[in-house]
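Here is how the chains run, residue by residue.
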Amino acid sequence: MPAKVAINGYGTIGKRVADAVIKQDDMKIVGVAKTKPNYEAKMALAKGYALYASNKDSLAKFDKAGVKVRGTLDDLLKECEIVIDCTPEESGYKPVYEKANIKGIWQGGEEHSLTNLSFNAAVNYSECYGASYVRVPSCNTTGLIRTLHPLESSFGIESVLAVMVRRATDPYDSKKGPINAIEPELEMPSHHGPDVQSVLKSLNIHTIAVKVPTTIMHLHAISVKLKRTATPKDVLDVWSRSPRIKFVRGEDGVKSTAQIMEVARDMSRNRSDLYEIAVWEDGVHVVNDKQLYYFQAVHQESDVVPENIDAIRAMMKLEKDGKKSIEKTDKALGITG
Ligand code: NAD
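Reference entry: report on the structure contained in this document. (Residues numbered from 1 in each chain as written. Predicted model: local features only at pLDDT ≥ 70, side-chain atom pairs only at ≥ 80, totals over all residues. Heavy atoms only, no water.)

Here we look at the overall build of the chain
Helix and strand content of the chain: twelve helices and 14 strands. In terms of overall dimensions, the chain is globule-like: its C-alpha atoms have a radius of gyration of 20 Å, near the 20 Å expected for 337 residues. Projected onto its principal axes, the C-alpha coordinates of the chain cover approximately 65 × 45 × 40 Å. Expressed as a percentage of its 337 residues, the buried residues of the chain come to 54%. Entry remark: accessible area of the chain is about 15200 Å², with carbon and sulfur atoms responsible for 50%. Once the 46 positive and 44 negative side-chain charges of the chain are each reduced to a mean point, those two points are 4 Å apart. (Helix = DSSP H or I, 4+ residues; strand = E, 2+ residues; numbered from the N terminus. Rg over C-alpha atoms; globule rule 2.2 N^0.38 Å. Buried < 20%, exposed > 50% of the residue type's maximum accessible area, 1.4 Å probe, protein only. Areas by Shrake-Rupley, 256 points an atom, 1.4 Å probe, with all protein chains shown as cover. Lys, Arg positive; Asp, Glu negative; His and termini not counted. Charge placed at Lys NZ, Arg CZ, Asp CG, Glu CD.)

Considering the nonpolar core
I84, F119 and I312 are the most contacted members of the largest nonpolar core, which totals 44 residues. Of all the secondary structure elements, the ones that give two or more residues to this core are β1 (3–8), α1 (12–21), β2 (27–34), α2 (39–46), β3 (51–53), β4 (82–85), α11 (305–315) and α12 (322–333). Looking at this core, the element that brings in the most residues is α11, giving six residues. Ignoring sequence-local partners within four residues, the contact set of I312 consists of V5, V21, M27, I82, I84 and I105. If you look at the next biggest cluster of nonpolar residues, it comprises 28 residues, including L203, A209, I245 and L292. (Core = buried A, V, L, I, M, F, W, Y, C linked by side-chain atoms within 4.5 Å. Contact = heavy atoms within 4.5 Å.)

Structural notes on α1
Within α1, ten of the ten residues are buried, which leaves it mostly tucked inside the rest of the structure. Listing the buried residues of α1 in full gives T12, I13, G14, K15, R16, V17, A18, D19, A20 and V21. Buried-residue contacts for α1 involve β1, β2, α2, β4, α11 and α12.

So, the site of the ligand
Residues in contact with the ligand amount to 20 residues; listed here are only the nearest, T12, K34, T35, Y93 and D170. One nitrogen or oxygen atom from the side chain of T35 is found 2.9 Å from an oxygen atom belonging to the ligand. If the ligand stood free it would expose 830 Å²; the protein chains cover 81% of that surface. For the shell around the ligand, a count of residues per class yields seven nonpolar, ten polar and three charged. (Near = heavy atom within 4 Å. Polar contact = N/O pair within 3.5 Å; in protein donor to acceptor, adjacent residues only side chain to side chain. Nonpolar A, V, L, I, M, F, W, Y, C, P; charged D, E, K, R; others polar.)

Here is the structure:
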């Protein structure tokens, strides 16, 4: 029997996770909950998802707009075994899910302390096997873990400094900025370093972040002091055997995030999403045998999507082996490595 999955919060992440769930043969969407009867709610109905209002107030809004829903979130929670919470940070639904006695997955806007279990399929799938509450860390954190974990396993890591150039907001959003400024995050380290340590517990990492006026991707410039010597080829070989990393080449004309997203569009993926972390093959450099530098780009709207699918599979005990889950998810989503 496929696992019964509900989505609470059908926005940027929620709608992508829903579309990824329906591509799997061992899980299904029993419904999605939304606060407002907007274009996304209407699209959810058009796609055939069972639509629910978040609460009684939003139910009144749906009724007034003539958008048909099956009930409220409370009704939806009776239909599901696990809920994927894709609401904005600190929406506070944990007691609701506990009362309904269902499992829950949260996204990176939440603190690690909400679940005390932060997930990355390649790192700690088995630790989350059968768990009730799990958090999938943010897009940036997931991006850092994807490339740093293989380096840590293969060469050992003395220390990391990651400078993160962050997109201002998502493409659909016409309100947030900056639109003509560069905004440093003055907190040191930025929250990303400690967040990486919620999964890679002993990694010595510092992060610096700045926000820039772009909507399409984040870019990371990463400096890693390795414990053992490596050449750029050694590093690329390790990453080529690691999941959800895609190489791009400046020499092929992929010189910026704009061309990476064009590559994603040319791959004809759903919504042109790039679930993999893009690493510039010709931007990998090693100085003095152990000092590694590289650049990577993160498609913030989608890199966490396959992680959510693997988290469902682990928590619902649909597959014991994390590697097999990753392969199954990737095959269904068209991720070829
Ligand atoms: P979003 O604003 O695009 O979508 C949030 C959805 O939740 C919307 O449909 C909104 O109507 C609904 N909502 C708002 N308040 C609600 C409430 N009180 N109860 C129920 N639903 C409510 O947000 P998002 O970008 O999808 O972010 C969701 C989570 O994913 C956050 O934790 C965020 O930090 C995380 N995340 C976002 C990104 C990204 O780049 N957008 C990447 C990784 C993780």
